[in-house]
Amino acid sequence: MKPPRVRAGVLGLALLTCLAAPTTTATAAGTTAAPTVEERRLDGAAPREILRRSGFGGVAPDFARALDRARSYAQARRAVVREGTELWRRAVDRAQGRGPAGGDLSRDDDRPLYWARLGMTRELRTWEPDFRLGDGQRTRLLDELERTSRGQTTLRHPRGGGMKRILVTGFDPFTLDRDIRISNPSGAVALALDGTVIETPRGRARVETAVFPVRWRDFADGTVERALRPHLPEADLFTTVSQGRVGRFDIERTNGAWRGGFGDNENTGRTGTIPVADPASQPQWTSTTLPYARIVAADTGRFPVYDNTSVTEIPAGGTTPVVRPQGPTPGSTARAGGGGDYLSNDIAYRATLLRDRLGLHGELPGGHVHTPVLQFGAGNTTEVTDPEFVRNRLDIIGQVRSIVTAAVSATERTPG
């Protein structure tokens, strides 16, 4: 999820940057809000087809019926947690070949989860229960739904020795106003790898995953730190993953404390220093502790993998941004990390800063991996899928698995 660089025919690039805010409508039972920018995209033909061809078309109506059975806030909360958790489990099972496919859309597709979740949030946002539901209560229910349906509440690593514990994160699809059919390979990676065990030369490693929204406001509200803080101390390796450049993987060496302002999935931009707790001690740069040299040298798949060291900085005493191919210089101010200045850099910065603030810099390998842009087959400008599109996504998933395997193998300690 790099900042947009306009290129004809390339998917996964610029978002519109106009502001959009939902309006509210009072009801006798409380306050409901109009659907968000994201939720309104559900009415497009492509989302409806994706839901129908995956068997996820009934998720939102089923959720609406579950809400209508609730007679109190407590009952509504239980329904939200249950249904949100079930959506994540169902998406993971589908991606990993368990249960019915539900249609002819390939199992590796991350888009059914995204669009089904939006159907659920729209139902919850506009729900008018028989009991009074305050604005704060509705907000908490929406938060529960977001977290449970993204796998953030079910991260479960094995206890005790004998198996490494790996944490991987992905993202929702984005740039949907440019092409509403878009899939995000990092989200597909999260579904394909969640709960799986990777065999390495020195033992086994279990992978746990979660997905994050492409929304600036969620990151400012601390969604990354809240999800990762309990789990980084027990992890043996972590990597945040997002979609990046065309035709290549990048291991991002350095992350910058700057938001470039490009539009998110709500068509909202944010520019400025990344907002984190204790800004007085906030560094301009954080760095990967992944074994990047070993990863780049490994044979992980058909896409080349690069150790990306370039950043954009304002040098100490300067006023003009400068590209530094070999990384930041002392005392400089960040304007873009190796992963740019969009939400991929934001999550990479937050996760590695959290690692460092937990005192784990020297012992926990972690950083950011950018995947290739997921492209449709040549000439496909209307269909929601095609054989090359599926092949590209499967190859990216497989190569991320190989990259993680190479990283774990390179950082394992010899027993004893």
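Residues numbered from 1 in each chain as written. Predicted model: local features only at pLDDT ≥ 70, side-chain atom pairs only at ≥ 80, totals over all residues. Heavy atoms only, no water.

Time to look at the overall build of the protein. From N to C terminus, the protein includes 12 helices and 16 strands. Against the compact-globule benchmark of 22 Å for 416 residues, the protein has a radius of gyration of 21 Å, which places it among compact chains. For the protein, the C-alpha atoms occupy an extent of roughly 60 × 50 × 50 Å along the three principal directions. Within the protein, buried positions represent 57% of all 416 residues. Of the roughly 16,500 Å² of accessible surface on the protein, 51% is carried by carbon and sulfur atoms. (Helix = DSSP H or I, 4+ residues; strand = E, 2+ residues; numbered from the N terminus. Rg over C-alpha atoms; globule rule 2.2 N^0.38 Å. Buried < 20%, exposed > 50% of the residue type's maximum accessible area, 1.4 Å probe, protein only. Areas by Shrake-Rupley, 256 points an atom, 1.4 Å probe, with all protein chains shown as cover.)

Going through the model one piece at a time under the given rule, you end up with 38 salt bridges. One salt bridge connects Arg89 with Asp93, and the closest N-O pair in it is separated by 2.2 Å. Separated by four residues within a single helix, Arg89 and Asp93 lie in helix α4 (residues 73-95), roughly one turn from each other. On the basis of relative accessibility, which here comes to 15%, the residue Asp93 falls in the buried class. For Arg248, the salt bridge is made with Asp250, and the minimal N-O distance between the two is 2.5 Å. When salt bridges with common partners are traced through the structure, they connect Glu38, Arg117, Glu146, Arg150, Asp172, Arg215, Arg217, Asp218 and Glu266 into a single cluster. (Salt bridge = Lys/Arg side-chain N within 4 Å of Asp/Glu carboxyl O.)

Now for the sheet that holds strand β14 (residues 322-324). Judged by pairing direction, the sheet is antiparallel, and its three strands sit side by side in the order β14-β13-β15 without closing on themselves. Of all the strands in the sheet, just β14 and β15 (333-336) have a single pairing partner and so form its edges. Taking each pair of neighbouring strands and ignoring which way they run, the sheet shows an average axis angle of 45°. In the sheet, strand β13 (residues 311-314) pairs with β15 via three bridges, with the strands oriented antiparallel. Each residue of the ladder has a partner; that of Glu313, found in β15, is Ala334. (Pairing = 2+ DSSP bridges. Axes fitted to C-alpha atoms, helices over the stretch in contact; angles between N-to-C directions.)

To continue, consider helix α6 (residues 135-148). An ideal rise of 1.5 Å per residue puts 20 Å on 14 residues; α6 measures up with 20 Å between its terminal C-alpha atoms. Those residues of α6 lying buried are Arg138, Leu141, Leu142, Glu144, Leu145, Glu146 and Thr148. (Expected span 1.5 Å × (residues − 1).)

Our focus in this paragraph is helix α7 (residues 185-193). Counting buried positions over the nine residues of α7 gives nine, a clear majority of the element. Three or more residues of α7 are buried, namely Pro185, Ser186, Gly187, Ala188, Val189, Ala190, Leu191, Ala192 and Leu193. In the segment just after α7, Gly195 is the residue with positive phi, at about 75°.

Applying the stated criterion across every chain, the model contains four cavities of 30 Å³ or more. Along its surface, the largest cavity is lined by Leu237, Thr239, Leu290, Ile295, Val369, Val400, Ile403, Val404 and Ala407. Within the residue set of the lining of the largest cavity, elements represented by two or more residues are β6 (237-243) and α12 (387-411). Among the elements that take part in the lining of the largest cavity, α12 stands out by supplying four residues, more than any other. Of the residues that constitute the lining of the largest cavity, the class distribution is eight nonpolar, one polar and no charged. (1 Å grid on protein atoms, 1.4 Å probe; cavity = no way out; pocket = protein on both sides within 12 Å on 5 of 7 lines; lining within 4 Å. Points joined across faces, edges and corners; volume = space filled by probe spheres on them. Nonpolar A, V, L, I, M, F, W, Y, C, P; charged D, E, K, R; others polar.)

The next subject is the confidence of the model for the protein. Confidence in the prediction of the protein, expressed as mean pLDDT, is 92, and 91% of residues score 70 or more. Considering only residues more than four positions removed or in separate chains, one finds that residues 4-30, a stretch of pLDDT under 50, has 64 contacts. (pLDDT = per-residue confidence, 0-100. Contact = heavy atoms within 4.5 Å.)

Below, the discussion takes up the nonpolar core. Trp115, Leu124 and Trp127 are the most contacted members of the largest nonpolar core, which totals 36 residues. Breaking this core down by element, the ones donating at least two residues are α2 (45-54), α3 (59-68), α4, α5 (111-126), α6 and α7. When sequence neighbours within four positions are dropped, the list of residues in contact with Trp115 reads Glu38, Arg41, Leu42, Pro47, Ile50, Leu51, Leu176 and Ile180. Formed by 28 residues, the second largest nonpolar core is a distinct cluster that contains Ala205, Ile295, Val369 and Val400. (Core = buried A, V, L, I, M, F, W, Y, C linked by side-chain atoms within 4.5 Å.)

Right, let's get into the side chain of Asp179. On the secondary structure map, Asp179 appears in the loop between β3 (163-171) and α7. Note on Asp179: relative accessible area 10%, which makes it buried. Reaching out from Asp179, the side chain makes a polar contact with the side chain of Arg181 at a distance of 2.8 Å. (Polar contact = N/O pair within 3.5 Å; in protein donor to acceptor, adjacent residues only side chain to side chain.)

Our next topic: the sheet that holds strand β16 (residues 366-371). For sheets, the rule is that strands pair by backbone hydrogen bonds, running either parallel or antiparallel. The mixed open sheet is built from seven strands, whose spatial order is β4-β5-β3-β6-β16-β7-β12. The sheet is open, and its two edges are formed by β4 (197-200) and β12 (305-308), each paired on a single side. Within the sheet, the average angular offset between the axes of one strand and its neighbour, ignoring direction, is 25°. In terms of strand pairing, β6 meets β16 through six bridges, oriented parallel. Each residue of the ladder has a partner; that of Gln243, found in β16, is Thr371.

The next point concerns the packing of aromatic side chains. Per the counting criterion, the structure on display carries eight aromatic pairs. Aromatic side chains Tyr114 and Trp115 sit 4.9 Å apart centroid to centroid with 70° between the ring planes, which places their arrangement in the edge-to-face category. Side by side, Tyr114 and Trp115 carry an identical accessibility label, which is buried. Geometrically, the ring pair formed by Phe249 and Phe303 is edge-to-face, given 6.2 Å between the ring centres and 65° between the ring planes. Of this pair, Phe249 sits in strand β7 (residues 249-252) while Phe303 is found in the loop between α10 (292-297) and β12, placing the two residues 54 residues apart along the sequence. Neither Phe249 nor Phe303 differs from the other in exposure class; each is buried. Looking at Arg181, its charged tip hangs above the ring of Phe376, at a distance of 4.0 Å from the centre. Looking at Arg248, its charged tip hangs above the ring of Tyr306, at a distance of 4.0 Å from the centre. (Phe/Tyr/Trp six-rings, centres within 6.5 Å; stacked < 30°, edge-to-face > 60°. Lys NZ or Arg CZ within 6 Å of the ring centre and 35° of its normal.)

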